[in-house]
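Working through the structure, step by step
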Amino acid sequence: MARERNISRLGVLGIVGCVLIGLLSVRVWFLQAIDAPGLEVKVREVRTRTIKINPERGRIFDRKGRIVADNERVLTLTIERAVIAKPLARQQMWNRLSGALNMTVTQLEDRWASKRYDQLQPLPLKEDISEDLAVYIRERSEDYPGVDVREEWRREYPFAPVASHVVGFLGAIPAGEKSENYYRTLGYDPDARVGQFGVEQTYESVLRGTPGYVKYEVDSRGRFLRQLERKEPIPGNDVQLTIDLEMQQFTEQALQQQIMMRRRTEAPTVLSFGEPDPRYPEVTYYKAPAGSSVLMNHDTGEVIAMASYPNFDNRWFNAGISSEKFGQLFPTTDDPDMSILVNRAISGRYNLGSTFKPFVAFAALNTGQLPGGTKYVLRDQGTYKLESIPEERCQLNVKCVFKNANCGNGAPCKYGRVNIETALAVSSDVFFYKIGEQIFTERGNRPVLEEQVRLFGFGSPTEIDLPYEYIGTVPSRALKQRLAASGAIAEEEGKGYYVGDNVQFAIGQGLLSASPLQLAVAYATFANGGKVLRPRVVKAIWAPGTPNGASNRVNLDEGLVIQDFGAPQVVRDLAIPPEILDPIVRGLTRVITGPGVRSDFYHATTGEKLFRSFPKRALPLAGKTGTAQGAGNLPWNDSSAFAAFSKNKKYPFTASTYIEKSGFGSRSAAPVVKCLFTALIGRIQVAPAVPSDPLDPNSFEVAQPQSLPNPLCLVGTGSSVRD
Amino acid sequence: MARTIFTRRPDSGLGNIRRSFADPTRTIDWILMSAVGALTVIGAFMIYSATRPRLLNRGADPYLFVQRQIIFVILAILVMIVVMWLDYVQLRGNAELLYAATIVLLVLVFVAGSVRGGARLSFDLGPFAVQPSEIGKVTTLLLLAGFLADDDSKTVRYERFIQSLFIIALPVVLVAIQPDLGSASVFVACAMGVLLVAGADIRYIILITSLAIVSVVAGVVSGLVKDYQLRRITGFLNQNSDSATLQSLVTQVRFAKRAVSTGGFFGKGYLNGPLTNGAFIPVQSTDFVFSAVGEQFGMVGAAVVLGLFGVVLWRIYRIARMSQDRLGYFLCAGVFTMILWQAFQNIGMTIGITPVSGVPLPFVSYGGSHTIAFAVMIGLVQSVHMRRFR
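Below is a summary of the structure that appears in this document. These numbers come from a predicted model, not from an experiment. (Residues numbered from 1 in each chain as written. Chains lettered and ligands numbered in written order. Predicted model: local features only at pLDDT ≥ 70, side-chain atom pairs only at ≥ 80, totals over all residues.)

1. Overview of unusual backbone geometry
All names here are of chain A. Between Tyr-309 and Pro-310 the backbone carries a cis peptide bond, its omega angle lying at 5 degrees. Here Pro-310 lies in the loop between β14 (303-309) and α10 (323-329). In this model, Gly-594 is joined to Pro-595 through a cis peptide bond whose omega is -5 degrees. Relative to the assigned elements, Pro-595 resides in the loop between α20 (578-593) and β23 (597-599). With phi around 60 degrees, Asn-102 is a residue other than glycine that occupies positive phi space. Within the fold, Asn-102 resides in the loop between α2 (87-101) and α3 (105-113). Under the C-beta neighbour-count criterion, Asn-102 is labelled exposed, with 11 such atoms within 10 Å. Although it is not a glycine, Asn-633 adopts a positive phi angle of roughly 55 degrees. When you line up the elements, Asn-633 lands in the loop between β25 (621-628) and β26 (639-646). According to the C-beta neighbour criterion, Asn-633 is exposed, with 9 such atoms within 10 Å. (Helix = DSSP H or I, 4+ residues; strand = E, 2+ residues; numbered from the N terminus. Buried ≥ 20, exposed ≤ 12 C-beta atoms within 10 Å, placed from the backbone.)

Below, the structure written as structure tokens:
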């Protein structure tokens, strides 16, 4: 064999070899020396899987320890997302799971596609599975790789629908970038359920607790190799309400029953020249769509009961119902009468009618508006003609004459000589019209009345620890401008603030609006001698895990209070001197007890007949009815208001009730308040609070109807005067 | 055939002097042997560490694959000894026959081969699979080297160049349409190396290389190249891609790179590599075996493996220079290119400088066919070495 070879060509090959090996070496060195630190972090990330452990949410119980919001442990089936990342693997997994879970493949696929669930956490496939199913799946982990059972908590409301407006409910994080970001920064999962109403919302941060986690080392298929770290969750704090659940239930029953009764009551016929007005139906029943009631302790500001109707069962929010069903139960509506998810006791925006008069009386006395103060006497002839408007303008288009309410005979009541006490007792509009005019005109058109009534908290938030509180409005030039700008009143009307506005204001009509809670807080101010209190529905915050006691209660003796809100929070102390307070309280007392005045005939006070059978000696009351005119000033659009407080130091309670479109204050709202006070002194049976029946998911009732076991306290003769 | 193979004994022509300095058994290149042996031992350890977590997950014996590999290595050693024993010149006499058999096997694999990952690459023989393309590497090299060595000239004439192209083109096409572009590229690289050393005109080589590239592009455009082959190239060009279709490919390389990278200087220690233990890297015992080296033994381990390849290539280079005839010379050059190209391609894809191609790392990766094929190649090289004094 010859030895003809190209050694140089072999050299080329050798050089190529050196270059390639060198290239590899440089690249390896580069990877390990330069890229390594950054990649090390990434490797640690993909190798560990952190699973959040949600804490048990704090419980909510009433002032006597009855558990109104509890937690039930539920099992949720989850699957590692990595296991089902590939469509084929996912399809096979769904096919295997759909039988066991009793879900269709489409439902499972929808879950997978949904953005509601945290993309970094295992996907929840089915909530509230049975223990048996959990065991079945766990025993067959080879067939169901990545499928796991997670323990979670479900909120239970054992006494629902009682107090559901106060307790609230949990819901998904509200849509919208702002709220989503807010909850994300607080560390919530996108599918977390957060407090959306009531105490569940305001005390979300207290109730929530701190999530824990387990950190696992995982392999490429997401299977757990070993546990690295575990941090137990810290349960949320418990919350004790100031609400007494039995009183709450009683209040709701009384309110609801009264509303039902008013719906079966005929409104007065509209007369035109003594005949029924042909424009209206002869018989109209009150619509009485809604109402609310507040019972509070006027020494501490604690709310004992707070009812709002229409009410709802807060268990619907975690009943897992479809959105169509939810839409049927809670229809979206523009009709304010229909809205359910509104706590009217704090969000209602109402004319107060004559219930507002005591504050005008205070303004008059406090500013020295009445010559001689309590000794000042006015002759009430049933009508009041504005004195500050020249006669010729009255002839044109300015309303100068204001009337009292009609006295049965079709003519305005004439109460004769009235002082401030009597004016309150018989609710003389004329007396207050005069105050309304003169407090304005004689003080250079300055907003004196506005400033005075604002002292009682009208027009500003009560700062109750519940969401969606309505601040209320007090008539003023600025308010009119604002309303005109927003189109609520005519632009022409918003131009200025006139005498007529102040006159309407003085009898609680016109642009004055307040919530029933504001009314109660303001009356409480008279009851306690001038302290405007901040109302509260939460009494104390307790350390997590208050032990259970007997009969659906926690054992308060073994719990630990972390924060006590028991001390009254005084927003403002008016320190009303007796010479101002006493005549007002006397006038309000006469509303309940009489006597009225004799002028032509005996004019009873508005509450006199109703409270005739009430044990006034045991529980002396002072209160005031009110009838707010509604659309077209038609009788069936009258809304009924009543507020009263106890003068017995042993029972430091103030109550207010407002029932929409249900007639005179003394006929609709006052009987409810009367019932509350009757119950407070134990003169009528209060049904014990017992856990309600399980929610029937097929039902179409938003809440189980409630009624008083003994409705006798609602019975009584109302006044025939619209005040 | 057996008769002709054994007519010329290795010690024939030496009279009755036994075990002279020229006795082939005394002139084995032990440095080459040790380097290859070391790579094989490292390979066995890596195969164990890379397959253990998956086997444990399945509840199987963690030694399953390493045991098989040891059996392959024993078989490979036996085959190598036989090849060493035979004279490569004798083998050249049977090259056409072996080549023809290979082509038959490559065709048969289309009919009887088992499908894995979208390609028909191997015959399924119970627990083992025989991959004819690996056998083809040796037989094609043998025929090509023999064919070129027949003409005793310092250059390759044009007709012979074209003829040798046909020799190589047949198996390349058959392998490429399996499809296994990685192996096909090894054939081409090997042929280029042999032709280069044989003295072919550099222009021919450049021409034919461009032709190969053009045909690959044409294959892609015409759809002959399967989608996943194409993705390997696009995945290589976009290593940080988020595209869903490239995802599995890109993450595969990404994890392999991370494994090498996070090994650091001394590595995480044997059986302590988190990505290896977590089975994060697909086909780690075959295609990505270098990532196991990098993660567990770090830069030191990687340097040792690269160094051993350097030693292997250096020894083959040296043997090529010492060879007594053109055939031995070409064979060595072919084996040199083949090992170089395959090692470069395999390690390169692990560390992200070449596209993913599925070629095993010589001597290290798990797999019977390629272990035996490379043993045969080393056997041939040793055979050349042993007979250098002839």
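2. Description of helix α2 (residues 30-58) of chain B
The first and last C-alpha atoms of α2 of chain B sit 41 Å apart over 29 residues, in line with the 42 Å expected at 1.5 Å per residue. Of the residues flanking the end of α2 of chain B, it is Gly-59 of chain B, one or two places downstream, whose phi is positive at about 80 degrees. (Expected span 1.5 Å × (residues − 1).)

3. Remarks on the nonpolar core
Within the largest apolar cluster, 135 residues are counted, with the highest numbers of intra-cluster contacts made by Val-68, Val-360, Ala-520, Val-537 and Leu-676 of chain A. Apart from the residues lying within four places of it in its own chain, the contact partners of Val-537 of chain A are Val-166, Val-199, Leu-241, Thr-242, Ile-243, Val-303, Met-306, Ile-464, Asp-465 and Leu-466 of chain A. (Core = buried A, V, L, I, M, F, W, Y, C linked by C-beta atoms within 7 Å. Contact = placed C-beta atoms within 7 Å.)

4. Examining the interface of chain B and chain A
Tallying the contact residues gives 43 residues for chain B and 32 residues for chain A. Secondary-structure elements contributing two or more residues to the side of chain B that touches chain A are α8 (181-198), α11 (247-262), α12 (274-277), α13 (289-322) and α14 (326-350) of chain B. Sort the elements by how many residues they give to the side of chain B that touches chain A and α13 of chain B lands first, with 10 residues. When its residues are assigned to classes, the side of chain B that touches chain A shows 23 nonpolar, 13 polar and 7 charged. (Nonpolar A, V, L, I, M, F, W, Y, C, P; charged D, E, K, R; others polar.)

5. A word on the sheet that holds strand β27 (residues 653-659) of chain A
All names here are of chain A. Taken in spatial order, the 5 strands make up an open sheet running β14-β13-β27-β26-β25, and their pairing is antiparallel. Looking along the sheet, the strands with just one partner apiece sit at the ends: β14 and β25. Direction aside, neighbouring strands of the sheet carry axes that sit 5 degrees apart on average. The sheet contact formed by strand β13 (residues 291-297) and β27 spans 7 bridges and is antiparallel. By the bridge assignment, Gly-291 is partnered in β27 with Ile-659. In this fold helix α19 (residues 516-527) packs onto β13, β26 and β27, with an angle of close to 150 degrees to the strand it touches most, β27. Along the sheet, helix α21 (residues 669-680) makes contact with β13, β25, β26 and β27, crossing β27 at roughly 150 degrees. (Pairing = 2+ DSSP bridges. Axes fitted to C-alpha atoms, helices over the stretch in contact; angles between N-to-C directions.)

Just geometry here; none of it tells us what the structure is for.
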